[in-house]
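# Structure at a glance
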Amino acid sequence: MLNAFAILLGFQLVGESLHRIFSLWVPGPVIGMFLLASFLLRKPSALSEPLVSTTHVLLQCLGLLFVPAGVGVIGNLNLIGREWIPILVGLVGSTFLSLFVTAYVMHRMPSRVAVAAPILSDGKEVQGNQS
Amino acid sequence: MNTSALHDLWAQLTPTPLFGLTLTLLSYLTGHAIQRACRGAALANPILISILLIGGILGLTGTPYRTYFAGAQLIHFLLGPATVALAVPLVRNLGHLRRSLPGVALALTAGSLVSAIGGMALVEICGGSRAAALSMAPKAVTTPVAIEVTQTVGGIPSLAAVLAIAGGVLVAISIQSLLRWARITDWRAFGLAAGTAGSGIGAAHAISFDEIAGAFAALAIGLNGLLTALIVPTLVHFWPHLR
């Protein structure tokens, strides 16, 4: 587990350094993620059980990690209160648009490997026949 | 024990990391307990509940956010390694990605563009400020990326974080009804859309249904993080009213 953490922090540090040295748009942790992914593809043996289980645990409590930043909303209550209509419309509108467009394009692409999701077509609240 | 002694104790403990850490963990566990009590209702989101709880406690006790964050930043810091950790599901599910590559690339690009342009345009059309529009643009990506991108383009990082989290909660609440309505019956589409529009919270939701949906959501988080980090600053550069 300590090895796994050292790997994660090490790749973040490299990503962070590249981000600063080259003034890249892409954030350090994201660079670190792609570096680690390409490293693991080159050297599949590095994808050890401890690394898999540690990352699994970390990603399992991903929700918790958003909380401290989310509490920052109390510092923005004035702005949100002043502009709640554009913020609400922008949030709901762009989220629904993005959700629909992504799923629709993915679903419509000709593919032999579609993975049927019966829960979405045979569910209790189904509104029409399965296509 | 008199009240002034209690006040002294409170004043001594709140600036220590112990306060922010314990408050965050306890609130999150309370959020989970409430969701369980509501039979897993999507609306009873643990993240939403703990933000409301902590915000309320800080407000009632007059504790500044800065004091709370001094301790809670130890949890916040883990978002960095957690983002790097996304490389593991990415690599493990590369087979699925390769087989659906054209669809994934096209759907992700379309979804990212629609999210960034739609968010900024809607805020502007409804009379919102430049700062609000800039903080809305990267909201579909995983929070650390949203914060970084917002800093790069000059929005408000804490507002971007809040919007990213709110967007994720919205995805978790609405995705099933929306896809049923659109008659989209493919786990790959479900996962990719959840990750593209709702990042980590959307992915957590997708994984709870189906492993392949979870894999595509993880792919979407990683690739959308990269795409948005490229798209948003470029978009802001050419956006008519913002520069």
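No experiment lies behind these values; they were computed from the predicted model shown.

Here the focus is the overall build of chain B. Broken down by element type, chain B carries 13 helices and 0 strands. N-terminal to C-terminal, the α/β element order of chain B is α-α-α-α-α-α-α-α-α-α-α-α-α. For a compact globule of 243 residues, the expected C-alpha radius of gyration is about 18 Å, and chain B comes in at 20 Å, within 12% of that figure. Each principal axis of the C-alpha atoms in chain B carries an extent, and together these give about 70 × 45 × 30 Å. Across the 243 residues in chain B, those meeting the buried criterion constitute 56%.

Bringing the interface of chain B and chain A into the picture now. In many reports, interface size means the accessible area that the parts give up when they come together. Every contact between the two is made by 99 residues of chain B and, on the other side, 77 residues of chain A. Broken down by element, the residue count for the side of chain B that touches chain A peaks at 15 residues, all from helix α11 (residues 157-181) of chain B. In terms of residue class, the side of chain B that touches chain A is built from 66 nonpolar, 26 polar and 7 charged.

As a further point, take the nonpolar core. Residue and element names in this part refer to chain B. In this structure, A87, L192 and A217 are the most contacted members of the largest nonpolar core, which totals 115 residues. Here this core takes 15 residues from helix α13 (residues 211-238), the largest share from any one element. Excluding residues within four positions of it along the chain, A217 makes contact with G191, L192, A194, G195, G202, A203, A206 and I207.

Further remarks concern the environment of C38 of chain B. Along the chain, the position of C38 of chain B falls in the loop between α2 (17-37) and α3 (46-61). The class for C38 of chain B is exposed, based on 12 C-beta atoms found within 10 Å.

We now examine the domain arrangement of chain A. When its domains are assigned, chain A resolves into domain 1 (1-65) and domain 2 (71-111). Between the C-alpha centres of domain 1 of chain A and domain 2 of chain A the distance comes to 28 Å.

Our next topic: the packing of helix α8 (residues 101-125) of chain B against helix α12 (residues 187-207) of chain B. Residues and elements named next belong to chain B. It is the contact of α8 with α12, at a shortest axis distance of 10 Å, that shows an interaxial angle of 30°. One finds that α8 runs roughly parallel with respect to α12. In this structure, α8 meets α12 at a crossing whose hand is right-handed. Facing V104, A107, L108, G111, S112 and S115 of α8, the residues of α12 in contact are L192, A193, T196 and A197. Residue classes in the contact of α8 with α12 are distributed as 6 nonpolar, 4 polar and no charged.

All names here are of chain B. Residues of chain B with pLDDT of at least 70 account for 97%, and the chain-wide mean is 84. Per-residue pLDDT, averaged within each element of chain B, yields its smallest value for helix α10 (residues 143-153) (74) and its largest for α2 (93). For this predicted complex, the interface confidence comes out at an ipTM of 0.79, alongside a pTM of 0.78.

On to the domain arrangement of chain B, then. Residue and element names in this part refer to chain B. Each assigned domain of chain B is listed here: domain 1 (3-77) and domain 2 (84-238). Relative placement of domain 1 and domain 2: their C-alpha centres are 27 Å apart. Across the contact, 5 residues belong to domain 1 and 5 residues belong to domain 2. For the side of domain 1 that touches domain 2, the class distribution of residues is 4 nonpolar, 1 polar and no charged.

So, on to the confidence of the model for chain A. All names here are of chain A. Mean pLDDT over chain A stands at 82; residues scoring 70 or higher make up 82%. Mean pLDDT in chain A bottoms out at helix α8 (residues 118-121), which sits at 62, and peaks at helix α1 (residues 2-21), which reaches 94. In this model, residues 122-131 is a region of pLDDT below 50 whose contacts with residues beyond four sequence positions or in other chains number 10 contacts.

Below, the discussion takes up helix α4 (residues 65-77) of chain B. Along its length, α4 of chain B reaches its greatest deviation from straightness, about 55°, at G71 of chain B. On its buried side, α4 of chain B packs onto α4 (62-65) and α5 (67-71) of chain A together with α2, α3 and α5 (79-85) of chain B.

Moving on to the environment of G222 of chain B. Structurally, G222 of chain B is set in helix α13. Judged by local crowding, G222 of chain B falls into the buried class, with 24 C-beta atoms found within 10 Å. Those residues in contact with G222 of chain B, other than ones at most four positions away along the chain, are M33 of chain A together with L86 and L90 of chain B.

Look at α3 of chain B: 22 Å from first C-alpha to last across 16 residues, which is about the 22 Å you get at 1.5 Å a residue. Taken residue by residue, α3 of chain B has P46, I47, L48, I49, S50, I51, L53, I54 and G55 of chain B as its buried positions. Considering only its buried residues, α3 of chain B is in contact with α4 and α5 of chain A together with α2, α11 and α12 of chain B. Trailing α3 of chain B by a residue or two, G62 of chain B shows a phi angle of about 65°, which is positive.

Definitions and cut-offs
Residues numbered from 1 in each chain as written. Chains lettered and ligands numbered in written order. Predicted model: local features only at pLDDT ≥ 70, side-chain atom pairs only at ≥ 80, totals over all residues. Helix = DSSP H or I, 4+ residues; strand = E, 2+ residues; numbered from the N terminus. Rg over C-alpha atoms; globule rule 2.2 N^0.38 Å. Buried ≥ 20, exposed ≤ 12 C-beta atoms within 10 Å, placed from the backbone. Contact = placed C-beta atoms within 7 Å. Nonpolar A, V, L, I, M, F, W, Y, C, P; charged D, E, K, R; others polar. Core = buried A, V, L, I, M, F, W, Y, C linked by C-beta atoms within 7 Å. Domains from an automatic or database assignment. Axes fitted to C-alpha atoms, helices over the stretch in contact; angles between N-to-C directions. Parallel < 35°, antiparallel > 145°, perpendicular 65-115°, else oblique. Left-handed = near helix turned anticlockwise from the far one by under 90°. pLDDT = per-residue confidence, 0-100. Bend = angle between axes of the 7 residues up to and from the residue. Expected span 1.5 Å × (residues − 1).

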